[in-house]
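Commentary on secondary and tertiary structure
Residue-level listing of the chains:
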Amino acid sequence: MTTPIRPVDHELVAAAAEVARTRCRGDEHTMAAAARARDGRVITAVNAYHFTGGPCAELVLIGAAAAQGAYELDTVVAVGDRDRGVVPPCGRCRQVLFDYFPALEVIVGNGDRLRAVPVTELLPETYVWADHQLDVSG
Ligand SMILES: [Zn+2]
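Below or above, wherever it landed, is the structure these notes cover. (Residues numbered from 1 in each chain as written. Predicted model: local features only at pLDDT ≥ 70, side-chain atom pairs only at ≥ 80, totals over all residues. Heavy atoms only, no water.)

Quick word on the coordination of the zinc ion
For the zinc ion, the full set of protein donor atoms is C56 (SG), C90 (SG) and C93 (SG), and the range of their distances to it is 2.2 to 2.3 Å. Every donor residue of the zinc ion comes from the same chain, spaced as C-x33-C-x2-C. Given the relative accessible area of 33%, C90 is considered partly exposed. (Donors = N, O, S within 2.8 Å, 3.2 Å for Na, K, Ca; no water. Buried < 20%, exposed > 50% of the residue type's maximum accessible area, 1.4 Å probe, protein only.)

Looking at the packing of helix α2 (residues 57-67) against helix α3 (residues 91-100)
Think of two packed helices as two axes; the pair is described by the angle between the axes and how far apart they sit. Contact geometry of α2 with α3 gives a least axis separation of 9 Å together with a crossing angle of 25 degrees. In terms of axis orientation, α2 runs roughly parallel to α3. Where α2 approaches α3, its residues E58, L59 and I62 are matched on the opposing element by R92, C93, V96, L97 and Y100. Here the residues of the contact of α2 with α3 are counted per class, giving 6 nonpolar, no polar and 2 charged. (Axes fitted to C-alpha atoms, helices over the stretch in contact; angles between N-to-C directions. Helix = DSSP H or I, 4+ residues; strand = E, 2+ residues; numbered from the N terminus. Parallel < 35°, antiparallel > 145°, perpendicular 65-115°, else oblique. Contact = heavy atoms within 4.5 Å. Nonpolar A, V, L, I, M, F, W, Y, C, P; charged D, E, K, R; others polar.)

A closer look at the pairing of strand β5 (residues 105-108)
The side chains of a regular strand alternate between the sheet's two faces. The side-chain alternation of β5 yields two buried faces, one formed by E105 and I107 and the other by V106 and V108. Sheet analysis places strand β3 (residues 73-80) next to β5, joined by 2 bridges and oriented parallel. Note on β5: the bridge partner recorded for V76 is V106. Pairing of β5 with strand β6 (residues 115-118), which is carried by 4 bridges, proceeds in the antiparallel orientation. Counterpart to V108 in the pairing with β6 is R115. (Pairing = 2+ DSSP bridges.)

So, in structure tokens, the structure goes:
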């Protein structure tokens, strides 16, 4: 199966890279994420590292977006500090992003090989949480 090539939102990558370069400090904030909301806005966030399991930048981003009234995200990208470039989401974030935004596109790859892929492509044969909840309404 061949997935059609989707245009990469370079403005979004630049936004995440700028936050990674200017806002990530020391060990507590090492990753930045940026998302394109359905209404076109760009939302950014950084991770909040903590040994108890502090959230990745993508998870902070979901809350930051909601706090600004952006509940629908179309595209997301994460960029590492120290010029690490685009970093793919970890397994937990893939699952969370999929559950929140099933139609989301995620920018992965590096350098001139960046590409936007559906979050579903990052989680083949995934667990769909909503399919396993009791239907208490009916
Ligand atoms: Zn993560």
